[in-house]
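The chain contents come next:
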Amino acid sequence: LREAEAANAGLKQRVISLQASNILNEMYCAKIRSQLAHHESKKRAGNSGGKVLGDGLPRLLSGDEFYERVVEFEEGQTRAATEKRTRAEERKRHAEALADWKKLEGARKVENKARRERYREALQIWQSEKALAKAD
């Protein structure tokens, strides 16, 4: 009976170690799968580099298909340049608007500080008059 229990305990330990290794393998596979998916999506998205024909196959350079691809490529390049220029102009306008806002914000803070100071002076005068009225 003790030998059977010892054998069962050994088998249980083996099952636990196999389950643990299975869990680790699943985690590794999930990580690698996500890395592969990211790599493939990056590979697909980064296709607008500087090459019209990136697959290395020969082409008829005067064919309609090649001409269409060149026209699409040039349109994409000009569109990207226009978008870049637009973003730069927008950044510049935003910076100018932010600078104007900061100037106005500074002026507002100075005005509020002056108002608080006037209020404190008026409060002190009122409190001193109140104290004099109580003394009489």
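Note that the structure is predicted; figures quoted are calculated from it, not measured.

1. Considering a nonpolar patch on the surface
For step 1, the next point in the chain: Residues Ile23, Leu24 and Met27 make up a contiguous nonpolar surface patch of roughly 330 Å² in combined accessible area.
For step 2, the next point in the chain: Turning to its location among the elements, methionine 27 is positioned in helix H1 (residues 2-45).

2. A closer look at helix H2 (residues 64-135)
For step 1, the next point in the chain: Helix length check: H2 (72 residues) gives 104 Å between terminal C-alpha atoms against 106 Å at 1.5 Å per residue, within 8%.
For step 2, the next point in the chain: Among all positions of H2, only Phe66, Val70 and Glu105 are buried.

3. Structural notes on a negative patch on the surface
For step 1, the next point in the chain: Residues Asp64, Glu65, Glu68, Glu72, Glu74 and Glu75 make up a contiguous surface patch of negative charge.
For step 2, the next point in the chain: Summarising the element assignment, glutamate 72 is placed in helix H2.

4. Topic: the pattern of salt bridges
For step 1, the next point in the chain: Counting across every chain of the model gives 5 salt bridges.
For step 2, the next point in the chain: Between glutamate 111 and arginine 118 there is a salt bridge, with the nearest N and O atoms lying 3.8 Å from each other.
For step 3, the next point in the chain: By relative accessible area, which is 36% here, glutamate 111 ends up partly exposed.
For step 4, the next point in the chain: Overall, arginine 118 belongs to the partly exposed group, its relative accessible area being 46%.
For step 5, the next point in the chain: One network of salt bridges, with partners in common, ties together Glu111, Arg115 and Arg118.

Basis of the calculations
Residues numbered from 1 in each chain as written. Predicted model: local features only at pLDDT ≥ 70, side-chain atom pairs only at ≥ 80, totals over all residues. Heavy atoms only, no water. Patch = residues over 30% accessible without salt bridge, like charges linked within 9 Å, V, L, I, M, F, W, Y side chains within 5 Å. Areas by Shrake-Rupley, 256 points an atom, 1.4 Å probe, with all protein chains shown as cover. Salt bridge = Lys/Arg side-chain N within 4 Å of Asp/Glu carboxyl O. Helix = DSSP H or I, 4+ residues; strand = E, 2+ residues; numbered from the N terminus. Expected span 1.5 Å × (residues − 1). Buried < 20%, exposed > 50% of the residue type's maximum accessible area, 1.4 Å probe, protein only. Lys, Arg positive; Asp, Glu negative; His and termini not counted. Charge placed at Lys NZ, Arg CZ, Asp CG, Glu CD.

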